[in-house]
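These are the residues of each chain, in order.
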Amino acid sequence: MNYRFLLLFWLVGLGFTTNLFAQTPVDSCTRTTSANQPPAAFEAYDVATGRRLDAFCQGQFVRFAPNPTRNLPATVVVLYDTTRCSNPAGSVFTITSRPGRVSVYENAQNSDPTAPSGTLYVRRYAVYGTPKPVVTARPCSAGIVEVTIAAPNSPGPKYNHYAIRIGNGPLVSNVQPGTASYPIPTGGPTTVTVTGSYDAVQCTGSETVTFTPLPAPQTPAIQRIAARSGSLDFQFAALQPEFRYELQIASGSAYTTLATLPTSSGPTFTLPSAPLSGRYRLRLISPCQISTLDYPSAPVATTTLRAVSVSGRNVLQWSFLDSASVSSYEITRDGARLAVVSGPSRYIDTLVSCGTTYQYRVTATRGAVTSASDLASVQTISTLAPPTPRLVASFNLRNQVELTATTPRTPTSGQLTFTRDGQNIATTAVRTLRDSTLAPGAGACYTVRLLDVCGNRSADSPPACPPLLTAQAADPLGSSASLTWSALRGPDPAAPVNYRLLTLAADGTVLASRAVSGSTELDQQPASNRQVLRYRLEASGGGLPAGTVSYSNIATVARRISIVLPTAFSPNGDGLNDVLEVKGRYLDKFKFVVVDRNGQEVFRGTDRTQTWDGRVRNNPPVPGAYAWRFEATDETGQVIVQNGTITIVR
């Protein structure tokens, strides 16, 4: 019989499982197969090699032909594509681009129309995908690269075997998925090529990735350790981000890893809830899973600090495990440097105030490395009397005494009691006081004592007595002034005292000054243009703090205003006694009035530049007697009034 073979090549996109189970295709051209199908009605062949195929590779060129044992003429083979329900041209097909199952049908019909018959046979083939293997390469150290092979991300069968080539090195076969390390050949490319293959079919997929060799590792260094509220802050020398770092603590002769630093941590790292006493080191290791590098830093010890208060003193005791090689210890109190010591691990702070809480930190320096303790807080307690205050007393420009107390160790705390001549005048926490109740012209001596916050009382300070100055005119006109003062009493009565005599303006500005000694002085040339002379004494020494002075009160000498007027003048134009002018001393502001015999005002002057030429409302002078009145208020507020007569003659 003559048969015409019709091979139905069914390429339908199917879901594909790892065990290649067939799924029922959805195809409008599906046929019901004939019974008693031969074991191999037809065969598939690789177009390139002619090799018979029992499975296909994704994208492979395949040719179909009847099984040679059936002894059928090849010329009767016709191919049919059921995915399109049409007869394709030729006999070569490209396998579907998706992994899965394909079904191929053979449709054989009798060409004799009088005796029609035929068969419909089917064969199902597995299609294996050829995706690129998922490969990562990470250099581990000089000469070693770590390669990780993962299963393909796309659906389809997994490769049964892999082969790896590093650079231009030898091919390593029968490699399983997972992670392994390989040597890097010298002088070749820095690439990793992985090829996957199957047992059932000669399909392969390949992937090549590149990697950057690691730089030479540098030994890390810890530059600073600082304890902070139960944690440790570390500062390192510059880290190499290509490597991993472990922070370790010494445990006997070995080290225990406490933390692995994040790759983005930079040169600083905080270890929370850390052991605050121990030796730490930073260890550089390989970034790979299996470390082949070990570069530990030099160990750095922590510093621990304890602070207690004993009898008004704060005692600091610290521990630094490598104290034998320490350069120095810096001690800070409330953030400010207190002292730098070397050798001992103990320090006593005596400049403290009872009841005050202080915070201390000790930083050990060992070469270029520092190790800072956590803050240690302590409140000073004591039953001892606080140091005796020091007191400075000085008059201000209003002749009030201003008191300034200095309290060693306790600049602001506690209560001060100020006394004047043995009588309490104020109890206050402030260190300055103005005694505005002192009688004018009186002198006084002051003391102060401190009651600290722990209830301890100091001794009274040495009496502080500002100098008291008196001044009076040495002659009736006040052409000279006699000055007398009491001695300054400062914190140190045995210390010498220096005086300067100051001459002041009405607003307190210093006009002149000169050194004086003893307790008296005669001012023989006071200012001639000032009605009131003002003097002040400036005292230094006597145990006063450097740069501090004590002023006396301001003593004054008020000189009387006086005028000089002629009894007559002759306004006749001869150049002699033509005008009436007011002359005298300290005539700054006054009122001078002239009236005629009828009591009518004919002239008024308020300063020495104003003169009278005898005219009244621009009329010629009228000879005769006129009355005048002079009135002025001096700098002390006293009103001066004088009266008299003046005669106009021809």
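For the structure itself, consult the block above.
Since the model is a prediction, treat every value here as computed from it, not as a measurement.

### With respect to the overall build of the protein
When you go through the protein residue by residue, the secondary structure sums to zero helices and 53 strands. Counting every position in the protein, which comprises 650 residues, the buried fraction comes to 42%. Accessible area of the protein: about 33100 Å², with a carbon and sulfur share of 50%.

### Some words on the nonpolar core
Residues Val147, Ile164, Val192 and Val194 are the most contacted members of the largest nonpolar core, which totals 22 residues. Listing elements by their share of this core, those giving two or more residues are strand E4 (55-57), strand E9 (118-128), strand E11 (144-150), strand E12 (161-166) and strand E15 (191-197). Discounting residues that sit within four places of it in the chain, valine 192 has contacts with Val135, Ala137, Val147, Ile164, Arg165, Ile166, Glu207, Thr208, Val209 and Phe211.

### Looking at the side chain of glutamine 400
Looking at the secondary structure, you find glutamine 400 in the loop between strand E33 (390-395) and strand E34 (401-406). In this structure, glutamine 400 is in contact with Ser394, Phe395, Arg434, Asp435 and Ser436, ignoring residues within four places of it in sequence.

### Let's talk about the sheet that holds strand E10 (residues 134-141)
The strand order E10-E11-E14 describes an open sheet built from three strands, whose pairing is antiparallel. In this open sheet, the two strands that pair with only one neighbour each are E10 and strand E14 (178-183). With strand direction ignored, the average angle separating the axes of adjacent strands in the sheet is 25°.

### Looking at the environment of serine 311
Considering the arrangement of structural elements, one finds serine 311 in the loop between strand E25 (303-310) and strand E26 (313-320). Assessed through its relative accessible area of 45%, serine 311 is described here as partly exposed. In sequence terms serine 311 and serine 382 are 71 residues apart; their C-alpha atoms lie 4.5 Å from each other. Contact partners of serine 311, with chain neighbours within four places excluded, come to Ile381, Ser382 and Leu384.

### With respect to the environment of valine 593
Inspection of the secondary structure assignment puts valine 593 in strand E50 (residues 591-595). In this structure valine 593 comes out as buried when scored by relative accessible area, which is 14%. Considering only alpha carbons, one finds valine 593 and asparagine 643, 50 residues apart in sequence, at a separation of 9.7 Å. Not counting the four nearest positions on each side in its chain, valine 593 is found in contact with Glu601, Phe603, Arg604, Ala627, Trp628 and Arg629.

### Quick word on the packing of aromatic side chains
Where two aromatic rings form a pair, the distance of their centres and the angle of their planes describe that pair. Throughout the structure, instances matching the rule amount to 18 aromatic pairs. Where phenylalanine 592 meets phenylalanine 603, the ring centres are 6.4 Å apart and the plane angle is 65°; that geometry is what we call edge-to-face. Here phenylalanine 603 lies in strand E51 (residues 601-605) and phenylalanine 592 lies in strand E50, a separation of 11 residues in the sequence. Judged by its relative accessible area of 1%, phenylalanine 592 falls in the buried class. Seen from their ring centres, tryptophan 612 and tyrosine 626 are 5.4 Å apart, and the 80° between their planes marks the pair as edge-to-face. Of this pair, tryptophan 612 sits in the loop between E51 and strand E52 (624-633) while tyrosine 626 sits in strand E52, and the two are 14 residues apart along the sequence. The residues tryptophan 612 and tyrosine 626 share a single accessibility class, namely buried. An aromatic cluster is present here, built from Phe569, Phe592, Phe603, Trp612, Tyr626 and Trp628 joined pairwise through their rings.

### Notes on the sheet that holds E15
Taken in spatial order, the four strands of this open sheet run E13-E12-E15-E16, and their pairing is antiparallel. Two strands bound the open sheet, and with one partner strand each, they are strand E13 (171-175) and strand E16 (204-210). The mean angle between the axes of side-by-side strands here comes to 20°, regardless of whether they run parallel or antiparallel. Relative to E13, E12 is paired through three bridges, and the arrangement is antiparallel.

### Some words on the pattern of salt bridges
Per the stated rule, a full pass over the model turns up 22 salt bridges. Arginine 138 is paired through a salt bridge with glutamate 146; the nearest N and O atoms lie 3.1 Å apart. Note on arginine 138: relative accessible area 36%, which makes it partly exposed. Glutamate 146 sits in the buried class, given a relative accessible area of 3%. Between aspartate 233 and arginine 228 there is a salt bridge, with the nearest N and O atoms lying 2.6 Å from each other. Judged by relative accessible area, aspartate 233 falls into the partly exposed class, the value being 21%. Taken together, the shared-partner salt bridges in this structure form one network comprising Glu43, Arg52, Asp54 and Arg123.

Scoring rules and cut-offs
Residues numbered from 1 in each chain as written. Predicted model: local features only at pLDDT ≥ 70, side-chain atom pairs only at ≥ 80, totals over all residues. Heavy atoms only, no water. Helix = DSSP H or I, 4+ residues; strand = E, 2+ residues; numbered from the N terminus. Buried < 20%, exposed > 50% of the residue type's maximum accessible area, 1.4 Å probe, protein only. Areas by Shrake-Rupley, 256 points an atom, 1.4 Å probe, with all protein chains shown as cover. Core = buried A, V, L, I, M, F, W, Y, C linked by side-chain atoms within 4.5 Å. Contact = heavy atoms within 4.5 Å. Pairing = 2+ DSSP bridges. Axes fitted to C-alpha atoms, helices over the stretch in contact; angles between N-to-C directions. Phe/Tyr/Trp six-rings, centres within 6.5 Å; stacked < 30°, edge-to-face > 60°. Salt bridge = Lys/Arg side-chain N within 4 Å of Asp/Glu carboxyl O.

Honestly, it's all geometry; don't read function into it.
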